[in-house]
Amino acid sequence: MAVRVFYASDVHGSEVCFRKFINAAKAYKVDVLVLGGDITGKVLVPVMKEAGFYRAELFGKVWEARGEAELEKVLSAIRASGFYAVVMDKGEYEKVASNPQLVSELFDKAMVETVRSWVSLAEERLKGSGVEVYIMPGNDDRFVIDEALAESGLVVNPDGRVVEIKGGLKLVSLGASNPTPWHTPRELPEEEIYRRLSKLVEEAGDPSSTLLNVHVPPYGTVLDLAPLLDSELKVVRRSGEVEMKHVGSTAVRRVIEEFQPLASLHGHVHESKGIAKIGRTFCFNPGSDYSSGALRGVLLTVEPGKVKSYMFTYG
């Protein structure tokens, strides 16, 4: 039986992109939805409450709102950008701004609340539809969100597991990445990635019926080219052009070369939309354009032993 799988990754807190991900189930008539990591945002935006109105700064523009209806428009604009809005007065802001621990706690609270609301939305829209929904954290995602993902009866967090999906296929997932310059929450040495991933693929059994859902792409392909950074994490340019380098995982590539799964799905490197073939394995990275509110994805039709078709999507 052929199965239609829609994969996207790296929405980084964008509520617009997440809603599009859920809507993809109906739009593309899919059987399985997979969100492959880096689902949370990176920025807190204070919305200051001052003498009957609210004020926030977003992308260099000052937004002002009077009343709840106008405030909701501002909050929606912030959420659409992948940021977290925190409404506070001047005293609360000064207290938080001088305390990194309080800032971190606010981040955790905003992330968990957002993930819970997204899970609720998925359940509301897709319960009873027969669509399977898999949402996995990536290297940028803090561990506090795992509990929120685990609370759902519909949404499944497949990270570090082998899950049987429709059509007799197995989904092998790993959200961690190899080390990055930013020292993100879920990073592992290459040796540990290889140990965990190879064990999972062996557990899955027949590689020709196995799909990899691995956040980081394989090293040395068109899927893992990112801007080269200097010691100050600034983009390196040569003759005015951005210099690129491979940043993917050697362990992921090794597992694909050794086991030859049916297909592998990746994110992590936003700039490297594309397809690569390693031996018999089709490898995909749809890229990410979350900051514009556009969702990049890839739609696959697969069955054991065969990738029947694939199509990149954007919108």
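Now for a look at the structure at hand. Since this is a predicted model, take the numbers as computed values, not measurements.

With 13 residues, helix α1 (residues 15-27) ought to run about 18 Å at 1.5 Å a step, and its terminal C-alpha atoms sit 18 Å apart, in line with that. For α1, the set of buried residues is E15, C17, F18, F21, I22, A24 and A25. Its buried side turned inward, α1 meets β1 (3-8), β2 (32-35), α2 (67-80), α4 (100-126) and β7 (132-135).

Pairing is mixed across the open sheet formed by six strands, whose spatial order is β8-β7-β2-β1-β19-β20. Two strands bound the open sheet, and with one partner strand each, they are β8 (155-156) and β20 (306-314). As judged from the eight bridges shared by strand β19 (residues 296-303) and β20, these two strands associate in the antiparallel manner. Bridging across to β20, V302 finds its partner in V307. Packing against the sheet, α1 makes contact with β1, β2 and β7, and its axis sits at approximately 160° to β2.

Closest axis-to-axis distance for the α1/α4 pair is 10 Å, and the angle between their directions is 25°. Overall, the two elements α1 and α4 adopt an arrangement that is roughly parallel. Handedness of the crossing formed by α1 with α4: right-handed. On α4, the residues touching E15, F18, R19, I22, N23 and A25 of α1 are W118, L121, A122, R125 and L126. The class makeup of the residues in the contact of α1 with α4 is seven nonpolar, one polar and three charged.

Cut-offs used in this document
Residues numbered from 1 in each chain as written. Predicted model: local features only at pLDDT ≥ 70, side-chain atom pairs only at ≥ 80, totals over all residues. Heavy atoms only, no water. Helix = DSSP H or I, 4+ residues; strand = E, 2+ residues; numbered from the N terminus. Expected span 1.5 Å × (residues − 1). Buried < 20%, exposed > 50% of the residue type's maximum accessible area, 1.4 Å probe, protein only. Contact = heavy atoms within 4.5 Å. Pairing = 2+ DSSP bridges. Axes fitted to C-alpha atoms, helices over the stretch in contact; angles between N-to-C directions. Parallel < 35°, antiparallel > 145°, perpendicular 65-115°, else oblique. Left-handed = near helix turned anticlockwise from the far one by under 90°. Nonpolar A, V, L, I, M, F, W, Y, C, P; charged D, E, K, R; others polar.

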